[in-house]
Amino acid sequence: MLIEFTSSGIFCRTAGVYIDPSKPVSKAIITHSHSDHAKRGSSSYMTCKKNIQILRHRIGNSIDVTGIDYGDAVSINGVKISFHPAGHIPGSSQVRLEYKGEVCVVSGDYKLEYDGLTEEYEPVKCNTFVTESTFALPVFKWDPQNEIAESIKKWWSRNKSKGNVCVIGAYSLGKAQRLLKLLHSDEERVLVHSSIQQINHVLRLAGYDIPEVKTYEQSMNRNELEGAMIIVPPASLSADSFSKLEPYENAFASGWMAVRGSRRWQSFDAGFGMSDHADWKDLNEAVLMTGAEKVFVTHGFTEVFARWLKEKNIDAEIAGEKSLQVRTDSDS
Amino acid sequence: MKKFAELIKDLDSTNKTTEKISYITRYLSTANDSDKLWMIFLLSGGRIKKNFTTPELRQWTVEASDIPQWLFDESYAFVGDLAETISLVISKANVISEYSLSELVGMISNKTKCEKDDTKQSIFDVWKVLGRGELFAFNKLITGGFRLGVSSGILINAIAAHESAEQDVIAFRLSGNWDPYNTTYSALIRGDNESLNLSRPYPFHLAYPVEGNVQDLGKCDELSAEWKWDGIRAQLIRRDGQMFIWSRGEEIITEKFPELSVASDFIPDGTVLDGELICFIDGKPLNFNVLQKRIGRKNVTRKILEEAPAVFVAYDILEHQGTDIRKESFDSRREKLEEILTAKEHGSVFRLSPLIRFDNWSELKNIREQSLEMRAEGLMIKRKDSSYQTGRKKGSWWKWKIDPMTVDAVMIYAQAGHGRRSGLFTDYTFAVWDNEKLVTIAKAYSGLTNKEIEEVDKFVKANTVERFGPVRTVSPELVFEIAFEGIAESSRHKSGIALRFPRISRWRKDKKASEADTIIELRKLIKK
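Since we're looking at a predicted model, the values are computed, not measured. (Residues numbered from 1 in each chain as written. Chains lettered and ligands numbered in written order. Predicted model: local features only at pLDDT ≥ 70, side-chain atom pairs only at ≥ 80, totals over all residues. Heavy atoms only, no water.)

**Observations concerning the domain arrangement of chain B**
When the parts of a complex come together, some accessible area is lost, and that lost area is often used as the size of the interface. Each domain of chain B was delimited in the assignment, giving domain 1 (2–143), domain 2 (205–401) and domain 3 (405–523). Domain 1 of chain B and domain 2 of chain B are separated by 40 Å when their C-alpha centres are compared. (Domains from an automatic or database assignment.)

**Side note on the state of the cysteines**
As used in these notes, a disulfide is a covalent bond between sulfur atoms, one from each of two cysteines. For the coordinates displayed, the defined rule picks out zero disulfides over all chains. Of the cysteine sulfurs around Cys104 of chain A, a residue in no disulfide, the closest is that of Cys126 of chain A, at 6.9 Å. (Disulfide = S-S within 2.5 Å.)

**Details of the side chain of His299 of chain A**
Residue and element names in this part refer to chain A. Inspection of the secondary structure puts His299 in strand E18 (residues 294–300). Residue class for His299 comes out buried when judged on its relative accessible area of 14%. Of the polar contacts made by the side chain of His299, one reaches the side chain of Thr298; its length is 3.4 Å. (Helix = DSSP H or I, 4+ residues; strand = E, 2+ residues; numbered from the N terminus. Buried < 20%, exposed > 50% of the residue type's maximum accessible area, 1.4 Å probe, protein only. Polar contact = N/O pair within 3.5 Å; in protein donor to acceptor, adjacent residues only side chain to side chain.)

**A word on unusual backbone geometry**
With omega at -5 degrees, the peptide bond leading from Glu246 of chain A into Pro247 of chain A counts as cis. Its location among the elements puts Pro247 of chain A in the loop between helix H5 (234–239) and strand E16 (248–253). Residue Asp66 of chain B is not a glycine yet carries a positive backbone phi of 70 degrees. Inspection of the secondary structure assignment puts Asp66 of chain B in the loop between helix H4 (54–65) and helix H5 (69–79).

**Observations concerning the nonpolar core**
All names here are of chain B. Phe4, Ile24, Met39 and Phe138 are the most contacted members of the largest nonpolar core, which totals 100 residues. Top element by residues in this core is helix H3 (residues 33–43). It accounts for seven residues. If we skip the residues at most four places from it in the chain, Ile24 touches Leu7, Leu11, Met39, Leu43, Val150, Ile154, Leu155 and Ala158. (Core = buried A, V, L, I, M, F, W, Y, C linked by side-chain atoms within 4.5 Å. Contact = heavy atoms within 4.5 Å.)

**Observations concerning the packing of aromatic side chains**
As enumerated under the stated definition, the model contains 34 aromatic pairs over all chains in all. A ring pair is formed by Phe41 of chain B and Trp178 of chain B, whose centres lie 5.8 Å apart and whose planes are at 70 degrees; its orientation type is edge-to-face. Here Phe41 of chain B, found in helix H3, pairs with Trp178 of chain B, found in the loop between helix H11 (167–174) and helix H12 (185–189); they are 137 residues apart in sequence, far enough to count as distant. Judged by relative accessible area, which is 12%, Phe41 of chain B ranks as buried. An aromatic cluster is defined as three or more aromatic residues linked by ring pairs; in this entry it consists of Phe135, Phe140, Trp142, Trp256 and Phe301 of chain A together with Phe78 of chain B. (Phe/Tyr/Trp six-rings, centres within 6.5 Å; stacked < 30°, edge-to-face > 60°.)

**Structural notes on the packing of helix H7 (residues 280–290) of chain A against helix H8 (residues 302–311) of chain A**
Residue and element names in this part refer to chain A. One way to put it is that H7 packs onto H8 with a least axis distance of 12 Å and a crossing angle of 55 degrees. Comparing their axes, H8 and H7 come out oblique. In this structure, H7 meets H8 at a crossing whose hand is right-handed. Contact residues: H7 offers Trp280, Leu283, Asn284 and Val287, while H8 offers Phe305, Trp308 and Leu309. (Axes fitted to C-alpha atoms, helices over the stretch in contact; angles between N-to-C directions. Parallel < 35°, antiparallel > 145°, perpendicular 65-115°, else oblique. Left-handed = near helix turned anticlockwise from the far one by under 90°.)

**Focus: the sheet that holds strand E17 (residues 270–272) of chain A**
Residue and element names in this part refer to chain A. Here we have six strands laid out as an open sheet, ordered E14-E13-E15-E12-E16-E17, and parallel in their pairing. With one partner strand each, in any of the chains shown, strand E14 (214–215) and E17 form the two edges of the open sheet. Bridging between strand E13 (residues 190–192) and E14 involves two bridges; their strand directions are parallel. Across the sheet, Val192 pairs through a bridge with Thr215, a residue of E14. Contacts between helix H3 (residues 175–183) and the sheet are confined to strand E12 (165–169), E13, strand E15 (229–232) and E16, with E15 contributing the most and set at about 165 degrees to the helix. With respect to the sheet, helix H4 (residues 194–205) is in contact with E13, E14 and E15, its orientation differing from that of E13 by roughly 95 degrees. (Pairing = 2+ DSSP bridges.)

**Structural notes on the domain arrangement of chain A**
Residue and element names in this part refer to chain A. By domain assignment, chain A separates into domain 1 (4–139 + 277–324) and domain 2 (145–272). Here the C-alpha centroids of domain 1 and domain 2 sit 29 Å apart. Every contact between the two is made by 19 residues of domain 1 and, on the other side, 18 residues of domain 2. Approximately 1700 Å² of surface area, both sides summed, lies buried where domain 1 meets domain 2, with 66% of it carried by carbon and sulfur atoms. (Buried area = accessible area lost by both parts, 1.4 Å probe.)

Structure follows, in structure tokens:
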């Protein structure tokens, strides 16, 4: 087998590389820059070229990192390694490993729908496929992006007519920019939290087209914010006080919000089921498109998805069952 | 259905009472009368009559959605709400049709058992043509109740606003057992049919718990105290030669208490009394458990009447000589109540809840200590000048309960919550030691903060030993202090005991599982 599941993460022994290691290693390959995939402390990193700036911003400017263009390949100890768009967030990739005719793809996190910002997901044929399963239940069916955008805009305009400011939570890397592109226009006032503004800047340097908007400051006058939509990181949504903004409503844009219980539990005024992960249908489609004979299922509803695939006569198992550490999820 | 679905969605997305009222009023102003009636029925917690069971409905969902049973169960365990799970796994409709709420109710309810296949076909057809929001509302309709935080107060307020009527009048009309299949909106709300009103109770006035210092309630001489009886709150209604007993759950329970039929000899026509039903023997109340068992029986046998005779302990009068006297002061009502209950020899079935005299708070505190001996839950304190109000109102009636009993127990099972808390493990089963074994004593849902629930949830996920469907057996490590109001023998639980109102009072992070209480210690609390 080309890969194995160890306590430090997915390991390719032949090439001596770990993919998204959870602990410091000597050679780390990174699929994307979310914190549960990109950890500090490894001696050297390899990632897709588009992700370099983002990775440096997230884990440190001084890291030793090599960038490879999408589709290009490098060879380590006879293992051909290449990066292919995963459609998850800007600069995200699936990692393809090929050795003596055997192909393995580690997909990281992915989504199939094109979001207008992220490089579009590319199906890659392989023998072994490692898939995520964050939303692997048939109850997760995303509405098309334009429909979600419409309902967010509806919520916004309803609030504007009531004199409310809108505060919407979105993961600061990926989801926030996706929202910004969808909501920003010359007539509409969108502001972003400073941590999102920093990432906007980094993404622009990496060549992404991100609209220029103002940073939301605590010191801002309520009048200045009349009718505005403020995008903030999820943590800020629950931790920061927005009482100065009264009257206002808050919302969260996340796949979890597609279920009423999670919406109510967190008691946001509104929730929008917008995700950077594949839904049930797309997870199934992705697995089929790879033509893989063997599928490993990682973080999320691993038991469910592995069992489901097995019943569909696909040889699937939970990645490393016990040996792989349970990672704290960060939905995007 | 579109308007109704919108109403459901709107109600679901706000916690503000005023907004809820305005959404309901908006619906009332646009819907037709029969939709209005059904809306009121459903939002008051009513359920339609159906000829199929929930397991059958799940089976049908599996058939219609093309996923295996186990995957449906996993989905349900995560979503936590059956109606929503069905809505999410059913394929989205391509063509959308418009049905009214009452049309849909008509299509699937009030059919005979033999027509089950018809119902199934109707449900399948409806599923194919409803939009997402409507689908959810429809599935709520066929799975059970709408729990949307719409209290009867909100509903009454909205209807009163829509009808430009007094809230009390609407509350009165909505109380009791009305049947949406056999009435109309205008008959119910505008009271076209006065004879319906014969049996109607008044909305109950509910007490607030004493928070903080009891001294702050007011001057002792402005207040009146009595025992807080541990029974079933009920209204006894005598009108037009008949007698009705209504429980606080707004059920007619007249038949369950044949010993009270002698009321016609003692209580004059045109009287409504508020009081407590309790089982009473040798001048002493019995454990609440006895009453509960009695209520559960279909037939009241002679044996039950001998072993667990009930009495009505009266503490208020709401209607006197056919007149609503709820606006009068407590003092003046009490006078009338005493007149009625002492005028005639009324046997032992009707009793007056005695007033407790006290001159200062420390005296009352001492009296409260005797609650357990009196089999009372504590004391009631009422303002002497208070009128009889509707619902739970602050500032005139208080309940001052004795501190609950507690036990330190180990969590051994966990189950994901439903509704608002779906996806998190929030329902726990607790056990105490019986020699080397842990025996279950109670299930409890509430009492932890959100943060603690998240912490326990993490523990459950990381320490699951076994899974039975949605239930996880966890390694017995966490100890919680469980508070409860009463304890009695029970054959339903393995431990042989049952707790009343168990809830988590705190997480004993300082204790190991081995330090939890034993069944022997717990049994000592049972009062024979």
